[in-house]
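Spelled out from the first residue to the last, the chains are:
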Amino acid sequence: MASVPMRPWSRQCTSMQNHRHLSRIESLKDENALEVNVHALGEQEVEQTKRYNSLQGRQLTHSRTLLISSSGQCIPLNENGNESGQGTYFEPPRERRESDSGKFSIQDEFLQLKHRRKDKIIRASEDVLSSYHDSYLYGKIVSSIKVRAAIRGGKWSPLLMWAESLAALILVSLYVRSTYTSGEDHVIKVLRIICSIFFVVDYLVKLYSAPVRLYYFVSFTGIVDLISTFPFFLILSPWKEDNAIPQLVLLLRFLRIIPRLVSVVLAGNTIGQQIFQLTVYTFGVVFIMAGLLQWVERKATPLDVQKENNCGPHGCLTFYHAIYFIIVTISTVGYGDITMHSDWGRAVTLFTILIALLILPVQINNIMELASRRPYGGKFAVQKVVGSRFVIVSGNLSYRTVQDFLSEFYHPSHDKDMPAFPLRVVIMAPYKPSFEMKTLLANYKGRVEFIEGTPLKESDLDRVGAKVASAVFLMADRQAVNPDAEDAAQFVRTLTVHRHCGPKVRVIVEMLKPENEDSAILDDAENVIEIICPEAIRFQLLACSCHVKGLPTFLTNLFKSGLAVSSLGSESWMQQYSNGLKQEVFPVILPSCFYTEGFIFEEVAEVIYRKHQVILFGLDILMEDMSRDIVLYPRGRQISSSDVGLVIAEDLWAAEEVSKFGREVPFLRSMQKLSSCRSSNGKFYQIQDSELLEEVKKRRLIQITRSLDTNETDFSISTSSDHSMGKSSCGGSGSLIRSGYRSGHQSKIQNIISASHDQIQSLDSSLIDTDIPVGTKKHIFSLEEAIDIAMSWPPSQKWDKPEPPVLERNANVIMENLSNRTMSVVNLNTPHILLCIQGKWPVNIFYLISHLRMPSMPNPPVVILHPRELGSSDWGCVGMFEDVYFIKGSPLYELDLLRAGVMQAERVIILAQRCREEETNDENEPSATTVASYDINNILIAATVERLLHPTRDRIVVELQQEAQIHNLRPKFHMSKGRFDSEIYARNRDADYMFSPSYIEGKGFSPTALNFLLYATFFNRNTLNIVKKFLSGGVNLMSTENNQSFLEKLDQHPIPKGYAGRTFMELFLDVLRDDNILVLGLHRPAGTFNSIVSYVYTNPQPAEILVAGDLMFVIHA
């Protein structure tokens, strides 16, 4: 159990291994890798470099052994045959950072106090807490934080704000009234006491719930609140008539609330907001000084002077005259019609003049200078971090990028802890925000601030408080003309931010080219630098969509929240899709009853679904080397205390209910939420948590007994310590049940399993065998010979993209291959996949073809239709694969489509291109309409293909750069904006494309939808890993008698025969128990509930009735 203080992310990432390290490990396992000896220097060379080496602290004269992988990676090996570390290199002492000298020393001390507080107690180890954000994990929140959440974001927050304002105004008004009249009636006295008690209680509550009580006590707000409690004590004291100053200070409480009331209109750190604050606080100072002056004159003026000037019982100076005198004085008008009659009154006047001379001109000058230079050039108040957290979003930002980021970052489905632990966003861009940007930021009510600056300047990083941020996001320009140049700029930004912030701040970086993830620039960087490249996922997703209908929609909806729909009327099919759209992936801390009772994964998945209608689809497990890995559907694995569940749930509230399973209070047990359970007649009844667990255990015993009696099963539990699933952090090991039993129902749907174990067994051994000794590598003593082999084309290992030098060296061979693969008319014996590319050749198309050639997937021929001549650098990345052909022609013309075999194609993929990739004769960027014109070309191609394929139009996947253009694909359907939640719709109006029929059925797809990889990674570091496992599968090594290895992957099958008309819960439980298949959702055919298209339905309702033609999204081994 760990106590989590909800601090900025300061832990090193241990669960998500670095991509560069993983690629090197794979190279060590590569059977085709070459070992090369690089001999030591001769004696003469040694003598020449002796003095240099002694100065550098390095030993350069030893022989080195290099491992050259089939992809061209060169890895130094040590004497043991493992990857050589950097211990032999001289590392200079780390320089002392500027922050260590005390620039933010006081704030750092308060932050340290905040970190030591036990705000949220999560029963998880540190490696789990380093992988998932604290707000995504269930934990016990201390009572002070619950109070703070109610004050900040609960339903009481606006009431308390207005009550505080009203009470302050009442007490101040009563004091002003007392300066004109003597005595007070009973009602006024009671009102004064009630308001005074309110401020005492309010101060105690705020002090109790403050993140750092000492910080609140010494802050300006805390001091004002403390003084506001004095009237209560003065009322009960002999000096109750002398409580003017504490009551006047109450005005500050009202004044500091006013900016919160106008923050919706004046969002961010704008000039208008600063001027408004200056105005109201100046008025507050005038009001307080006037009250102080009136009180001093009343008390300090001698009685003879009062009689001489015919003063009333309340002194010679009324409150109105005091305000008049202060304004005339500080404005330097000085009429002289009012003068002070006491020395103390004159002292207050002098003090007021000094304040006006010293404070107001400086503040006004700062505002004027800021307004004339950089309206958004202020700084982020890092003091806010004491009570909250914040992230910085920078890089190449566009309005659409910011809109999509903020709408998902603050989506209501996962902001459960936001009131208790606020999370702010600081947007830093080198330009002034547009009117649209200001309007967008106004929707977030002060949560988001815009500051003009760049991450390349440390002064700008200081202004936004980057050193105490939770994370820094660096967005790339996805439409860059030169992806390599943009990635290089990202490297510079990354190194600058990391050098400035140090290892305690996460840096999440977007890259355009997947091969740049393995750059040597980041070899010595800490694990806090996280590289995200959506391009590789984009092409892998398109490849998998050739075999899994609706996959782009299904996978995107699992991580992207989208809009909330309030009313859909009678359109039940759209209601089903909307319910599925709400489902997202969340991590859960599994209850202790699952691993103490020895439950296996399938049993836990059944219990969780029956109890909460939440699907457990995978585990984050602890491996033997103490690293963590994601495993999809670990069939037969016994749950361990170190396991973290991965579930599909409607929202964070539903996910957290899983962690509360089994915690029944005896005297409240009858009030607990009951589980739904299906009886033999198909009806549903209710069951307690404990009864549900007992039922599952009894079924397990019955199955074991039957297996032993009939000798049809070899039921054993693996407790081997060397199992690949690894051990728990508590010393327990994960176990697997290995069974050869097949039920009668299992044999019924065996014919629907399309992926055979023969294909899985044909996987390259480098992907399965983890124990290949390095000594089996082919040993070559000639470096020249090794380089010739490593730079050959086609390469022996085809899972890595060839480097440009390899393509350049083998240009003639590649062009000859292109000539042999070029066809005038497609004439193939089997259906093929047709790729239509109208624009420039995609630089990352290698990842699409390589994924289509994975041994675990069907490998149909691929035909590429493109209107331009290809060079060796283009064809060299795809021509190395078998059965890939090229046809020169334009997909816009029907004859070229017919030549490319569109009628025989099993799938047609129309690829989009970047809006600035089109070659131009000048240096100006294309106009804003260029993107739309490219998308219109793809829409026209899709319409032409559909006309040729009519009536079978479900074989197309269309990529569009602009998500809004998906509405223009057929069929068209318009949903009124009145059906969407108004607050969420105002934040992201463009997200309504997710309700377009083409998107719903999985035909329309936009690469920008993969933006979820960035913001989702902040909350779940394993987001990218989970997506890759869905698309590529994960190898689950099971030590069976035949030493077979199974590949768990996302697949699609029809529902078994006889299940039409039955419920989804029946399907889910039956195939899970009998067929080792985990169902995640449905792809429903067109016409279901009068639907105009087929549609994706994620995690359907348990009572949902199945229909003929339903396809299941499943994970199976």
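Reading the values: rules and limits
Residues numbered from 1 in each chain as written. Predicted model: local features only at pLDDT ≥ 70, side-chain atom pairs only at ≥ 80, totals over all residues. Heavy atoms only, no water. Pairing = 2+ DSSP bridges. Helix = DSSP H or I, 4+ residues; strand = E, 2+ residues; numbered from the N terminus. Axes fitted to C-alpha atoms, helices over the stretch in contact; angles between N-to-C directions. Contact = heavy atoms within 4.5 Å. Disulfide = S-S within 2.5 Å. Buried < 20%, exposed > 50% of the residue type's maximum accessible area, 1.4 Å probe, protein only. Salt bridge = Lys/Arg side-chain N within 4 Å of Asp/Glu carboxyl O. Right-handed = clockwise from strand over helix to strand, strands pointing away. Parallel < 35°, antiparallel > 145°, perpendicular 65-115°, else oblique. Left-handed = near helix turned anticlockwise from the far one by under 90°. Polar contact = N/O pair within 3.5 Å; in protein donor to acceptor, adjacent residues only side chain to side chain. Phe/Tyr/Trp six-rings, centres within 6.5 Å; stacked < 30°, edge-to-face > 60°. Lys NZ or Arg CZ within 6 Å of the ring centre and 35° of its normal. Nonpolar A, V, L, I, M, F, W, Y, C, P; charged D, E, K, R; others polar.

### Notes on the sheet that holds strand β14 (residues 615-622)
And step 1. One open sheet holds the 4 strands; their spatial order is β13-β16-β14-β15, and the pairing between them is antiparallel. In this open sheet, the two edge strands, each paired with only one partner strand, are β13 (584-589) and β15 (628-632). Averaged over neighbouring strand pairs, the angle between their axes works out to 30° when direction is ignored.
And step 2. Against the sheet, helix α42 (residues 1023-1032) contacts β13, β14, β15 and β16 (644-649), and its axis sits at roughly 35° relative to β15.

### As for the state of the cysteines
And step 1. Scanning the entire structure with this criterion turns up 0 disulfides.
And step 2. Free cysteine: C546, not disulfide-bonded; nearest cysteine sulfur from C544 at 8.5 Å.
And step 3. A residue is classified by how much of its surface remains accessible, and C546, at 8% relative accessible area, is buried.

### A closer look at the pattern of salt bridges
A side chain of one charge can pair with a side chain of the opposite charge when the charged atoms of the two come close.
And step 1. Scanning the model with the defined rule gives 37 salt bridges in all.
And step 2. In this structure, E458 and R499 form a salt bridge, with 3.8 Å as the shortest nitrogen-oxygen distance. Of this pair, E458 sits in helix α20 (residues 458-463) while R499 sits in helix α21 (residues 483-501), and the two are 41 residues apart along the sequence.
And step 3. For E458, a relative accessible area of 33% gives the class partly exposed.
And step 4. On the basis of relative accessibility, which here comes to 47%, the residue R499 falls in the partly exposed class.
And step 5. The partner of R610 in a salt bridge is E606, and the shortest N-O contact between them spans 3.1 Å.

### Brief notes about the pairing of strand β8 (residues 423-429)
And step 1. The element β8 is extensively covered by neighbouring structure, given that 6 of its 7 residues are classed as buried.
And step 2. The sheet contact formed by strand β7 (residues 389-395) and β8 spans 5 bridges and is parallel. The partner of F390 across the bridge, within β8, is R424.
And step 3. Note that β8 and strand β9 (residues 448-452) share 5 bridges and pair parallel. Looking at the pairing, I427 lines up with F450 of β9.
And step 4. Handedness of the crossover joining β8 and β9 through helix α19 (residues 435-442) is recorded here as right-handed.

### Here we look at the packing of helix α15 (residues 319-330) against helix α16 (residues 343-358)
And step 1. Where α15 meets α16, the closest approach of the two axes is 10 Å, and the angle between their N-to-C directions is 45°. Compared by their axis directions, α15 and α16 come out oblique. When you trace α15 past α16, the crossing you get is right-handed. Touching F325, I326, T329 and I330 of α15 are T349, T352, I353 and A356, all from α16.

### Brief notes about the side chain of T1063
And step 1. Checked against the element boundaries, T1063 lands in the loop between β29 (1045-1054) and α43 (1064-1075).
And step 2. A polar side-chain atom of T1063 sits 3.0 Å from a polar atom in the side chain of E1066.

### Points about the packing of aromatic side chains
And step 1. Here the structure, examined in full by the defined rule, presents 29 aromatic pairs.
And step 2. Arranged with centres 5.2 Å apart and planes meeting at 5°, the rings of F559 and F1012 form a pair that is stacked. Here the residue F559 occupies a position in helix α23 (residues 551-559), and F1012 occupies one in helix α41 (residues 1012-1019), the gap between them amounting to 453 residues. The pair formed by F559 and F1012 is uniform in burial state, with each residue classed as buried.
And step 3. Between W573 and Y1095 the ring centres are 5.7 Å apart and the planes differ by 50°, which places this aromatic pair in the tilted class. Residue W573 is found in helix α24 (residues 572-581), and its partner Y1095 is found in strand β31 (residues 1095-1098); the two are separated by 522 residues along the sequence.
And step 4. You can call W573 buried: its relative accessible area is 5%.
And step 5. Judged by its relative accessible area of 0%, Y1095 falls in the buried class.
And step 6. Here a set of aromatic residues connected by ring pairs shows up, and it is made of F405, F409, Y410, Y444, F473, Y1015, F1018 and F1019.
And step 7. Positioned over the ring face of Y1059 is R1062, at 4.3 Å from the centre of the ring.

### Focus: the packing of helix α22 (residues 534-545) against α23
And step 1. Orientation of α22 relative to α23, taken along the N-to-C sense of each, is 135°, at an axis distance of 9 Å. Between α22 and α23, the angle falls in the class oblique. Counting all contacts with α22, which are made through L541, C544 and S545, the residues of α23 involved are L551, P552 and L555.
And step 2. When the residues that make up the contact of α22 with α23 are grouped by side-chain class, the tally is 5 nonpolar, 1 polar and no charged.

### Structural notes on unusual backbone geometry
And step 1. Residue W793 is joined to P794 through a cis peptide bond whose omega torsion reads 0°.
And step 2. By the secondary structure assignment, P794 is in the loop between α32 (783-790) and α33 (804-809).
And step 3. Of note, the amide linkage connecting R970 to P971 takes the cis form, showing an omega dihedral of -5°.
And step 4. Here P971 shows up in the loop between β26 (956-959) and α39 (982-987).
And step 5. Non-glycine residue Q613 carries a positive phi angle of around 55°.

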